[in-house]
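Here is what each chain is made of, one letter per residue.
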Amino acid sequence: MDEQLVNRALLIFFGACVLGPLSGALLGWKKGFESGIALGCLVIGLTGLAMAGWVALQRQASIAGTEVVQGRLVEFVEETHKDAKGQRTTTVAPIVEYTAPDGQQRRVKGLGGSQRHAEVGEAVELRYRPADPSQAVVADFQNLWGAVLGLGIFGLFPTLFGLFFVGALRDGRRGPVSRVEATPAQQHRRTRLTVIANVVFLGGFVITFVGEDVARSLGAGFMTIGAGALLHFVAQSLPPAAAFQPRFILVMVGLGFGVFGASAWVLAG
């Protein structure tokens, strides 16, 4: 369902992956390396985020016009994919059988890796279009929103790198900035928040190794580590704020751990 939409979004994103480095190289040749890197990353990243938003809006509208039906997991099939380097990856895709109101029995294949905790014979929820019951999709996060998540991740990190270099360029144009010493009260607030951030950050590593569900533990731990890094960013942003680049690295680390942790959590469901 909506495969053409996802393919179109991926095609546009891949086009940005070509246009970004080309435009960045041209600007870098004229304005300098950091300007080129910033432009190239922002072209790729913002395109990825835009495509993620576009697919999300279209997918939401598409889901609004579907009906829910209970199917039954009948088997898993192996799928082998080969990347550009020739390396093969094997995943297991679920096959779900369902009967729509027209009385015809059909089967639909989910994405590889989805429903991995389900057993053959278990009920699986599907969504289908009343006008065309053959167009059905397994109604879990990976099958409904996996493309949005993927585009969002591939868009987020180039955008962060681009913003990092934009900040570096801004600081370079402003020149040296005189350092303002923190007052005792300001230093106390920063120290207190830094201690809290350290506890959260280290707690994330502990959470990663506890719990029976490895994926859930990894997801919760990574999100907690990300929260700790973002708290460090807040602590370093208290007046007088630290330099932009070290602070923004904390944002990149925090969002990176947070996004991958949230992805592991929802995909484990």
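Look up: the structure comes first, before these words.
Keep in mind it's a predicted model, so treat the numbers as computed, not measured.

Describe in detail helix α6 (residues 244-267), supporting the description with residues and values.
When the terminal C-alpha atoms of α6 are compared, their 34 Å separation across 24 residues agrees well with the 34 Å that a helix rising 1.5 Å per residue should span. All buried positions along α6 are accounted for by Phe244, Arg247, Phe248, Val251, Met252, Gly254, Gly256, Gly261 and Ser263. The inward-facing, buried residues of α6 contact α3 (141-174) and α5 (214-237).

Before we move on, could you go through the packing of helix α2 (residues 33-64) against α3 and cite the residues and values that matter?
When two helices pack together, their arrangement is captured by the angle between the axes and the distance separating the axes. At a closest axis distance of 7 Å, the pairing of α2 and α3 adopts a crossing angle of 155 degrees. Put simply, α2 runs roughly antiparallel to α3. α3 is crossed by α2, and the crossing has left-handed handedness. Residue composition of the contact of α2 with α3, by class: 24 nonpolar, 9 polar and 2 charged.

I'd like to hear about the packing of aromatic side chains, residue by residue, with values.
Here the structure, examined in full by the defined rule, presents 7 aromatic pairs. An angle of 20 degrees between the planes, with centres 5.3 Å apart, marks the rings of Phe244 and Phe248 as stacked. Here Phe244 and its partner Phe248 are both found in helix α6, 4 residues apart, which amounts to about one turn of the helix. Judged by its relative accessible area of 10%, Phe248 falls in the buried class. Positioned above the aromatic ring of Phe244 is the side chain of Arg170, whose terminal nitrogen or guanidinium carbon lies 5.1 Å from the ring centre. Its end group placed over the ring of Trp265, Arg216 keeps NZ or CZ at 4.3 Å from the ring centre.

Which residues make up the layout of surface pockets, and what values do they have?
The computed volume of the largest pocket comes to approximately 770 Å³. Forming the boundary of the largest pocket are 27 residues, of which Glu3, Val6, Leu111, Asn143 and Ala147 lie nearest the centre. Secondary structure elements with two or more residues in the lining of the largest pocket: α1 (3-31), β3 (105-109), β5 (132-138) and α3. The biggest single contributor to the lining of the largest pocket is α3, with 8 residues. Of the residues that constitute the lining of the largest pocket, the class distribution is 14 nonpolar, 8 polar and 5 charged.

With reference to specific residues and values, describe the nonpolar core.
Core analysis: the biggest nonpolar cluster contains 12 residues, these being Val69, Leu73, Val96, Tyr98, Ala100, Val108, Ala118, Val124, Leu126, Tyr128, Ala136 and Val138. Contributions of two or more residues to this core are made by β1 (67-82), β2 (88-99), β4 (123-129) and β5. Considering each element in turn, this core owes the most residues, 3 residues, to β4. In this structure Val96 touches Gly71, Arg72, Leu73, Arg106, Arg107, Val108, Val124, Leu126 and Val138, once residues within four positions along its chain are discounted. Within the second largest apolar cluster, 11 residues are counted, among which are Ala38, Phe164, Phe165 and Phe248.

Criteria and thresholds
Residues numbered from 1 in each chain as written. Predicted model: local features only at pLDDT ≥ 70, side-chain atom pairs only at ≥ 80, totals over all residues. Heavy atoms only, no water. Helix = DSSP H or I, 4+ residues; strand = E, 2+ residues; numbered from the N terminus. Expected span 1.5 Å × (residues − 1). Buried < 20%, exposed > 50% of the residue type's maximum accessible area, 1.4 Å probe, protein only. Contact = heavy atoms within 4.5 Å. Axes fitted to C-alpha atoms, helices over the stretch in contact; angles between N-to-C directions. Parallel < 35°, antiparallel > 145°, perpendicular 65-115°, else oblique. Left-handed = near helix turned anticlockwise from the far one by under 90°. Nonpolar A, V, L, I, M, F, W, Y, C, P; charged D, E, K, R; others polar. Phe/Tyr/Trp six-rings, centres within 6.5 Å; stacked < 30°, edge-to-face > 60°. Lys NZ or Arg CZ within 6 Å of the ring centre and 35° of its normal. 1 Å grid on protein atoms, 1.4 Å probe; cavity = no way out; pocket = protein on both sides within 12 Å on 5 of 7 lines; lining within 4 Å. Points joined across faces, edges and corners; volume = space filled by probe spheres on them. Core = buried A, V, L, I, M, F, W, Y, C linked by side-chain atoms within 4.5 Å.

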